[in-house]
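Tertiary structure, described
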Amino acid sequence: MRRYRFGRIAAFFAVGYVMAVVVAGVLALVTGDPALLRAIVATGWDADTMTSAWWVEVLLVTGGVVQGWAYWQVLRGRPAGTPAANDRPVRLLRAALYLGVVSMLLPRLPIPYLWWSYLPADLLQVAVVCLFFVALAGVLPRPLRLVGLVAGLADTVMDVAVTFIIQFGTFDLLKVVSSSWLGDLVHLLWLVPVLAGQARDARWTRGTVRVGAATAALSLLSSGGHSFITFGGELDPSLVLFMLIGVLGVLAAAWQARSAHDLGAPAPEPAPPAPVRVAPAPARAWTWPWPWPFAAVAVALPLIPAAVNLADGMPAWIGPRGLLDELFHGYVSEPATLLWVALDLLVGIGAPAVLVLVAVVRRTRGLLRITTAALTLAAAAGVVTAITTPRDTDWLLIPEVVEQRLRWYPDGLFVPDAEGGFGFGISPLWYSAALAGSALLLFFLYAAPPPAARPRHQVVMAAPAVAVALCLLPAADQSRGPVTTAADCSPAQPWERAGESREPVPRTGPRAYLCAVRQHQALGFAATTPDQVVLAHGRRLCAAYTRADPAELARLRDVEGVNVRGLNWALAGICPAADADVRAEDAAEDREFAEFQAEERRKCAATPRHRPLIRPVKAVRLREPEWPEAGLELYDEYAAEGRSTTAGPVESGPGHVRVSTHSDFHVCVTLETYTRRPPVETKGWADVVEVGYLNRTGEMVFMDGLSGSVLPDLSLGGRKGHYRIRVHYAWFPWKDEGDGTQRLLIMAYPGPGDQVTTYRKPRQRR
């Protein structure tokens, strides 16, 4: 077994960290509080930032295990033994890499943030870039090393500029100096040549190169300049992806540490490798002596759907639709999005046929495996797209999103029709069938014969995979069937429909019962309980409700905790007896409310009519009583802010007049508009207050936003300008004092002045 200089210490720390992560994950799943797990694995991502869910915590535990492995890679040091004798640039590179690892891990510690704390790491990165340029001399061609040198220095300069701009500059300048897509691309232009040099240099192991490739992939899949907004604390998959990329960012430190460890490893014994000739993979015996017709079919299959699509003028394979395209255009970096669009167009014109042709001509094991895997992944991508593409999507609903998803495609390729839809060509399932057929032909033609004994690592990986699959498979005699969720029963908002109209929930029938149970959790079923189980339980309760046996109802209440008679509103959909009782109760409530409304109208009809002392231009006595919940308000939304004044039931300010009323009683309203100031009347009124109001719109309408009460217009024929508004308020008793109603007379006339005048106020307010 290979030993490392600090292997035991590193293993102790890594195992302890992983155990802490697993314990915190179990506590998060059991208690529902992920605070400890988030603090250990993903600092800053508390439950307020991202809602907790069991699968999110499982992903975090997995990410924590990867972090533990990365910490072990960092802390184990170089392999034990006499270190290799390196020249001065390599020794300096090794020291700079170790210091870079320290600078990467320091922000993970709970230390206060200082704006200049990243500057030493940026200066250290300059040394790493220059020393890699020197250390890879003789391994990489000079032009490629120069590209990496210029890109690495440019990337560091942009990071330093961003640090200063964030502290002292503006956001607009930040977008000019270092746009997100340019920063990602420049970083990859440095990292990829370095990884290519490490792969060709014997000083670095293949494991180091693989960790570096994973780091490059994370950089390519980073969020770039995309922003994430959540509403109402909902769980956003884009935020989960962004969090996981941050959790796995520790792989960059592991790559730098391994790069430094390998440079200090003992020099291996020089042994010139014997040239090995890679023989082409032979065809299977069942195809002999004519394997080429099958290979020709494998090459031709990807061309068939491409030819059909190109005949219709569509060179794209998937286009801007489906979950995968949404992921690339909305949640990852722009270089990755550009690569996805290029892949979409290449597959659309039949480029996989070229890859298959090269594979069947060269027939090397590695190339055949890569080709088969690529064809299989492309076929799966087509299936996922077909499944996740909604029907009748309204593409014109959010034009900004459409513009973002069409950004990298050729102009004029996707043009919306009159109904807001796009033509995408044939379904990606045809491509999936063709690509999967090519992959199967390659596999059956050139697959290596099975080994006599399976390697140990394959057995170790296969056993847990089979166990997990068996645990997730439901029992054959417990088929789940469909599950109606509470969201299925709620009417969709216009922005949630995506061109689809959701049928309203009927008053009766199984769906009405299921929606009543799901939305109100009436029977305590879990959200994943199949509909057939919920329906069977409801029919059993309906039978008990219909029999109305007191002993049976008492037993259900005592044993199962179910008040069957109190569930008539939920059982009404599937139980005729409960539905009859609900309808009778609704009818009784309707009669009671109608009588209540008639009584309120009789109260207003009995109130004294106002007899104006001078003739008003218009007078309106509302026949129906109003019932405002927050008073009546007249406002101008464009008015400037200012101080408000309250006098009796009236509050006034710039562009604002509010009349307070008691929310438990109706109001009988009379409105009058005059051309000149009417005489003051105080007899019969408890409060008489006059205020000023500047009418900018030509309308003066009192309203209550909560109850929806809207009074007729008080303006003088749409006249704008200053008005005086006089409010009269009084209580009108009915059969007894507590059963009366409110009277309100509002006068308006043109006049200057914003002063508040109180003509009458009661000695003691009600």
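Residues numbered from 1 in each chain as written. Predicted model: local features only at pLDDT ≥ 70, side-chain atom pairs only at ≥ 80, totals over all residues. Heavy atoms only, no water.

1. Things to note about the overall build of the protein chain
- From N to C terminus, the protein chain includes 27 helices and twelve strands.
- In the protein chain, which comprises 766 residues, the share counted as buried stands at 39%.
- Within the protein chain, residue pairs in contact and separated by at least 24 positions form 76% of the contacts whose partners lie at least 6 positions apart.
- Total accessible area on the protein chain is roughly 43,300 Å²; 63% of this is exposed by carbon and sulfur atoms. (Helix = DSSP H or I, 4+ residues; strand = E, 2+ residues; numbered from the N terminus. Buried < 20%, exposed > 50% of the residue type's maximum accessible area, 1.4 Å probe, protein only. Contact = heavy atoms within 4.5 Å. Areas by Shrake-Rupley, 256 points an atom, 1.4 Å probe, with all protein chains shown as cover.)

2. Observations concerning helix H24 (residues 531-547)
- Taking 1.5 Å per residue as the helical rise, H24 with its 17 residues ought to reach 24 Å, and the 24 Å between its terminal C-alpha atoms agrees with that figure.
- When H24 is considered as a whole, its buried residues turn out to be Asp-531, Val-534, Leu-535, His-537, Gly-538, Leu-541, Cys-542, Ala-544 and Tyr-545.
- Buried residues along H24 sit against helix H23 (510-520), helix H25 (550-560), helix H26 (568-571) and helix H27 (576-606).
- Phi turns positive one or two residues past the end of H24, at Ala-548, with a value near 55°. (Expected span 1.5 Å × (residues − 1).)

3. Thoughts on the packing of H24 against H27
- Two numbers describe how H24 lies on H27: the axes approach to 8 Å, and their chain directions differ by 65°. Residues Cys-542, Tyr-545 and Thr-546 of H24 touch H27, and the partners they reach there are Pro-576, Ala-577, Ala-578 and Asp-581.
- Looking at the contact of H24 with H27 residue by residue, the class counts come to five nonpolar, one polar and one charged. (Axes fitted to C-alpha atoms, helices over the stretch in contact; angles between N-to-C directions. Nonpolar A, V, L, I, M, F, W, Y, C, P; charged D, E, K, R; others polar.)

4. Digging into the sheet that holds strand S10 (residues 721-732)
- With mixed pairing, six strands are arranged side by side in an open sheet as S1-S6-S11-S10-S7-S12. Across the chains shown, the open sheet's two edge strands, defined by having one partner strand only, are strand S1 (618-621) and strand S12 (757-760). Direction aside, the axes of adjacent strands within the sheet are offset by 20° on average.
- Taken together, the four bridges between S1 and strand S6 (residues 667-673) define a ladder with antiparallel strand orientation. Bridged to Val-620 within S6 is Leu-671. (Pairing = 2+ DSSP bridges.)

5. Topic: the pairing of strand S5 (residues 656-659)
- One ladder, built from four bridges, connects strand S2 (residues 632-635) with S5; its direction is antiparallel. By the bridge assignment for S5, Glu-633 is matched with Arg-658.
- Pairing of strand S4 (residues 650-653) with S5 involves four bridges; the strand directions are antiparallel. Bridge pairing links Ser-652 to Val-657 in S5.

6. Looking at the pattern of salt bridges
- Under the definition given, this model contains 14 salt bridges.
- With its nearest N and O atoms 2.9 Å apart, the salt bridge here joins Arg-518 to Asp-531. Taken together, the residues Arg-518 in helix H23 and Asp-531 in helix H24 connect sequence positions 13 residues apart.
- Look at Asp-531 and you get buried, because its relative accessible area is 8%.
- Between Asp-636 and Arg-696 there is a salt bridge, and its shortest N-O distance comes to 3.1 Å. Remark: Arg-696 occurs in the loop between strand S7 (687-695) and strand S8 (703-704) and Asp-636 occurs in the loop between S2 and strand S3 (645-647); sequence separation between them is 60 residues.
- For Arg-696, a relative accessible area of 46% gives the class partly exposed.
- Salt bridges sharing partners connect three or more residues here, namely Glu-595, Glu-599 and Arg-602. (Salt bridge = Lys/Arg side-chain N within 4 Å of Asp/Glu carboxyl O.)

7. Here's the deal with the nonpolar core
- Within the largest apolar cluster, 48 residues are counted, with the highest numbers of intra-cluster contacts made by Leu-37, Leu-93, Phe-132, Trp-190 and Trp-255.
- Looking at this core, the element that brings in the most residues is helix H5 (residues 119-135), giving seven residues. (Core = buried A, V, L, I, M, F, W, Y, C linked by side-chain atoms within 4.5 Å.)

8. Some details on the packing of aromatic side chains
- Applying the stated criterion across every chain yields a total of ten aromatic pairs.
- Both rings, one in Tyr-17 and one in Tyr-71, keep their centres 5.2 Å apart while their planes meet at 85°; by these two values the pair is edge-to-face. Pair noted here: Tyr-17 is in helix H1 (residues 7-31) and Tyr-71 is in helix H3 (residues 54-75), with a separation of 54 residues, a long-range link. Taken individually, Tyr-17 and Tyr-71 each receive the classification buried, so the pair is uniform in this respect.
- Clustering of aromatic rings is evident, with ring pairs tying together Phe-132, Trp-190, Trp-204 and Trp-255.
- Over the aromatic face of Trp-72 sits the side chain of Arg-76, whose NZ or CZ is 5.6 Å from the ring centroid.
- Above the face of the Trp-685 ring, Arg-743 is positioned so that its terminal group lies 4.2 Å from the ring centre. (Phe/Tyr/Trp six-rings, centres within 6.5 Å; stacked < 30°, edge-to-face > 60°. Lys NZ or Arg CZ within 6 Å of the ring centre and 35° of its normal.)

9. So, the confidence of the model for the protein chain
- Here the protein chain averages 79 in pLDDT, and 77% of its residues register 70 or above.
- Here residues 224-233 is a poorly scored stretch, pLDDT under 50, and it has 19 contacts once near neighbours within four places are set aside; other chains count.
- Across residues 468-479, confidence stays below pLDDT 50; counting only partners more than four residues off in sequence or on other chains, it has one contact. (pLDDT = per-residue confidence, 0-100.)

10. A short note on a negative patch on the surface
- Together, Glu-585, Glu-589, Asp-590 and Glu-592 make up a region of like negative charge exposed at the surface.
- Counting through the fold element by element, Glu-589 comes out in helix H27. (Patch = residues over 30% accessible without salt bridge, like charges linked within 9 Å, V, L, I, M, F, W, Y side chains within 5 Å. Lys, Arg positive; Asp, Glu negative; His and termini not counted. Charge placed at Lys NZ, Arg CZ, Asp CG, Glu CD.)

11. Things to note about the state of the cysteines
- Applying the stated criterion across every chain yields a total of three disulfides.
- Two residues, Cys-542 and Cys-575, share a disulfide whose sulfurs are 2.3 Å apart. One quick way to see it: the torsion about the S-S bond of Cys-542 and Cys-575 is about 80°, and its sign makes the bridge right-handed. Taken together, the residues span a long stretch of sequence, with Cys-542 in helix H24 and Cys-575 in the loop between H26 and H27 at a distance of 33 residues.
- Owing to a relative accessible area of 10%, Cys-542 belongs among the buried residues under this scheme.
- Using a relative accessible area of 1% as the deciding quantity, one classes Cys-575 as buried.
- Shown here for the protein chain is a disulfide pattern of 1-2, 3-4, 5-6, where each number marks a bonded cysteine counted in sequence order. (Disulfide = S-S within 2.5 Å.)

12. Thoughts on H23
- Among the residues making up H23, those that are buried are Ala-512, Tyr-513, Leu-514, Cys-515, Ala-516, Val-517 and Arg-518.
- Where the residues of H23 are buried, they touch helix H21 (486-489), H24 and H26.
- Gln-521 sits one or two residues past H23 and shows a positive phi near 50°.

13. So, the packing of helix H13 (residues 303-311) against helix H19 (residues 428-446)
- Direction vectors running N to C along H13 and H19 enclose 150°, while the axes themselves pass 8 Å from each other. Judged by the angle between their axes, H13 and H19 are roughly antiparallel. Taken together, the residues of H19 that come into contact with H13 (itself represented by Pro-305, Ala-306 and Asn-309) are Trp-430, Tyr-431 and Ala-434.
- Partitioned by chemical class, the residues of the contact of H13 with H19 number five nonpolar, one polar and no charged. (Parallel < 35°, antiparallel > 145°, perpendicular 65-115°, else oblique.)

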